[in-house]
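Residue-level structure breakdown
What follows is the residue order along each chain.
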Amino acid sequence: MGRKPGKYIALVFVAIIAVAVFIGYRIWNKPHADIRDADSVKTTSIALYEILSKSGSGSVTYLNKVVEVSGAIAEVLKNEQDQQVILLKTNVSGGSVNCTMEEEVTGIKPGDTITLKGICSGYINGDKDMDLPGDVFLIRCYRSI
Amino acid sequence: MKKKVLMLLFLFTAFRWEAQGQIFYTKNGNLSFFSKTILENIDASNNQVISVINFQSGSIQFSLLNNAFHFPKAKMEEDFNENYIESDKYPRSAFKGTISDISNIDITKDGTYQVNVKGDLAIHGVTKNISVPATIIIKDGNLSAASVFHVLVKDYNISVPSIVTNKIGESIEIKISCTYEKK
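Let me sum up the structure you'll find in this document. Being a predicted model, the structure only gives us computed values, none of them experimental.

**A few points about the interface of chain B and chain A**
In this assembly, 39 residues from chain B lie in contact with 32 residues from chain A. Approximately 2,900 Å² of surface area, both sides summed, lies buried where chain B meets chain A, with 55% of it carried by carbon and sulfur atoms. Contact with chain A buries area across many residues of chain B, yet K27, N28 and Q48 of chain B alone supply 21% of it, more than any other trio. Here chain B is connected to chain A by two salt bridges. D135 of chain A is the partner of K27 of chain B in a salt bridge, and the nearest nitrogen-oxygen pair spans 2.9 Å. Connecting chain B to chain A are 18 residue pairs in polar contact (both at pLDDT 80 or more). If you list the elements that add at least two residues to the side of chain B that touches chain A, you get helix 1 (2-20), strand 1 (23-35), strand 2 (42-54), strand 3 (59-65), helix 2 (74-84) and strand 8 (171-182) of chain B.

Pasting the structure below:
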């Protein structure tokens, strides 16, 4: 008579542990958010660079957010891990919105207008003494249709 | 008088041109870090490193945004930004230093040079003077640089809760790889 309640308690305890482990496993292995489906803040490369390079209060709107940015392509290149990087023009010569692509975009060239969606990491200063302007960086980018 | 002014202007321009020819930069260098632990290896990469080398002065600098490190696991990336590097409080990490024996490097000829780089590394609000080995390669007019070195997490006030110390190694291996273009 005394065994059955003990057995039930043990089963419940094991079930709780199993659920906790399962939840912990799912949290630890959760995938990165899909940028393509995410809500985004829309802007242009010129405006985004202007705001972030001056690091005013406006930057809160864009920092660490999914941003959809439109602009003219300044350059297309590859980084050290062979990912495509698209540089969008700004009003500062040598300063760009620097977008690292998750998927390569084909058939584009400097001068084309394009809209890209990615996470805005922020702005890094270049070097004033060496006349090198900084860039605004977007990571995990996709082309917006 | 006019001739002297013109001569000074010419010399200044020529000097500036010469200096500009010695400056190399990249805005998409790579910095990755790795730590081996009992449970799971920590592996992250940042491809948005700005680096500038001035071959005339020997100065070299790197800077990056801490929130641009990409981890294979989203939860690791979240924990890194929120609890360890605190990227909202400390958005950037940077290094500023000099390359030893810069005059030994001939940027007009193909060659591989082992150098030492010494300077200030700033991470998580702490700046420490470090000295690390690096390799500079000149090939077909292209310049690249690479370095591998280790830092201790505790040296930069990065506190790891005891509950996860077996996940985070104390020593982190840092690898830098940059391909530069001439300014």
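**A word on the pattern of salt bridges**
Residues and elements named next belong to chain A. Under the definition given, this model contains twelve salt bridges over all chains. For K54, the salt bridge goes to E50, with nearest N and O atoms at 2.7 Å. For E50, a relative accessible area of 40% corresponds to the partly exposed category. For D112, the salt bridge goes to K109, with nearest N and O atoms at 3.1 Å. On the accessibility criterion, D112 (21% relative accessible area) is partly exposed. Among the ionic contacts, a cluster of salt bridges with common partners joins D34, R36 and E103.

**Details of the packing of aromatic side chains**
Residues and elements named next belong to chain A. Here the structure, examined in full by the defined rule, presents eight aromatic pairs over all chains. On the basis of an interplanar angle of 90° and a centroid distance of 5.7 Å, the ring pair of Y49 and Y123 is categorised as edge-to-face. Residue Y49 is located in helix 2 (residues 45-53), and its partner Y123 is located in strand 5 (residues 113-124); the two are separated by 74 residues in the primary sequence. Classification of Y49 by relative accessible area gives buried; the value is 4%. For Y123, a relative accessible area of 12% puts it in the buried group.

**Here's the deal with the pairing of strand 3 (residues 84-89) of chain A**
Residues and elements named next belong to chain A. The buried count for strand 3 comes to five of six residues, which makes it a mostly enclosed element. Sheet topology note: the strand 2 (residues 66-78)/strand 3 ladder contains five bridges and is antiparallel. Of the residues in strand 3, the one forming a bridge with K78 is Q84. From the end of strand 2 to the start of strand 3, which pair antiparallel, there are five residues, and D82 there has a positive phi angle of about 65°. Pairing analysis gives five bridges linking strand 3 to strand 4 (residues 96-101), with the strands arranged antiparallel. When the sheet's bridge partners are listed, I86 is paired in strand 4 with C99.

**Regarding the nonpolar core**
Among the nonpolar cores identified, the biggest contains 45 residues, and F33 and Y180 of chain B are the most heavily contacted of them. Discounting residues that sit within four places of it in the chain, F33 of chain B has contacts with I42, D43, A44, F69, F71, F80, I172, E173 and I174 of chain B. By size, the runner-up hydrophobic cluster in this structure holds 21 residues, among which are L48, V97, V105 and I114 of chain A.

**With respect to unusual backbone geometry**
Despite not being glycine, N64 of chain A shows a phi value in the positive range, around 65°. For N64 of chain A, the position within the fold is in the loop between helix 2 and strand 2. With phi around 50°, D101 of chain B is a residue other than glycine that occupies positive phi space. Position of D101 of chain B among the secondary structure elements: in the loop between strand 4 (92-99) and strand 5 (111-123).

**Regarding a nonpolar patch on the surface**
Residues and elements named next belong to chain A. Nonpolar side chains collect at one region of the surface, where V19, F22, I23 and I27 lie side by side and expose about 370 Å² of accessible area between them. Here I23 is to be found in helix 1 (residues 3-28). Residue classification places I23 among the partly exposed positions, given a relative accessible area of 44%.

**Digging into the sheet that holds strand 4 of chain B**
Residues and elements named next belong to chain B. The eight strands are arranged 1-2-3-4-5-6-7-8 in a closed barrel whose pairing can be described as antiparallel. The average undirected angle you get between the axes of adjacent strands in this sheet is 25°. As defined by bridge partners, strand 1 adjoins strand 2 across ten bridges and the pair is classed as antiparallel. From the neighbouring strand, L31 faces strand 2, where its bridge partner is N46.

Reading the values: rules and limits
- Residues numbered from 1 in each chain as written.
- Chains lettered and ligands numbered in written order.
- Predicted model: local features only at pLDDT ≥ 70, side-chain atom pairs only at ≥ 80, totals over all residues.
- Heavy atoms only, no water.
- Contact = heavy atoms within 4.5 Å.
- Buried area = accessible area lost by both parts, 1.4 Å probe.
- Salt bridge = Lys/Arg side-chain N within 4 Å of Asp/Glu carboxyl O.
- Polar contact = N/O pair within 3.5 Å; in protein donor to acceptor, adjacent residues only side chain to side chain.
- Helix = DSSP H or I, 4+ residues; strand = E, 2+ residues; numbered from the N terminus.
- Buried < 20%, exposed > 50% of the residue type's maximum accessible area, 1.4 Å probe, protein only.
- Phe/Tyr/Trp six-rings, centres within 6.5 Å; stacked < 30°, edge-to-face > 60°.
- Pairing = 2+ DSSP bridges.
- Core = buried A, V, L, I, M, F, W, Y, C linked by side-chain atoms within 4.5 Å.
- Patch = residues over 30% accessible without salt bridge, like charges linked within 9 Å, V, L, I, M, F, W, Y side chains within 5 Å.
- Areas by Shrake-Rupley, 256 points an atom, 1.4 Å probe, with all protein chains shown as cover.
- Axes fitted to C-alpha atoms, helices over the stretch in contact; angles between N-to-C directions.

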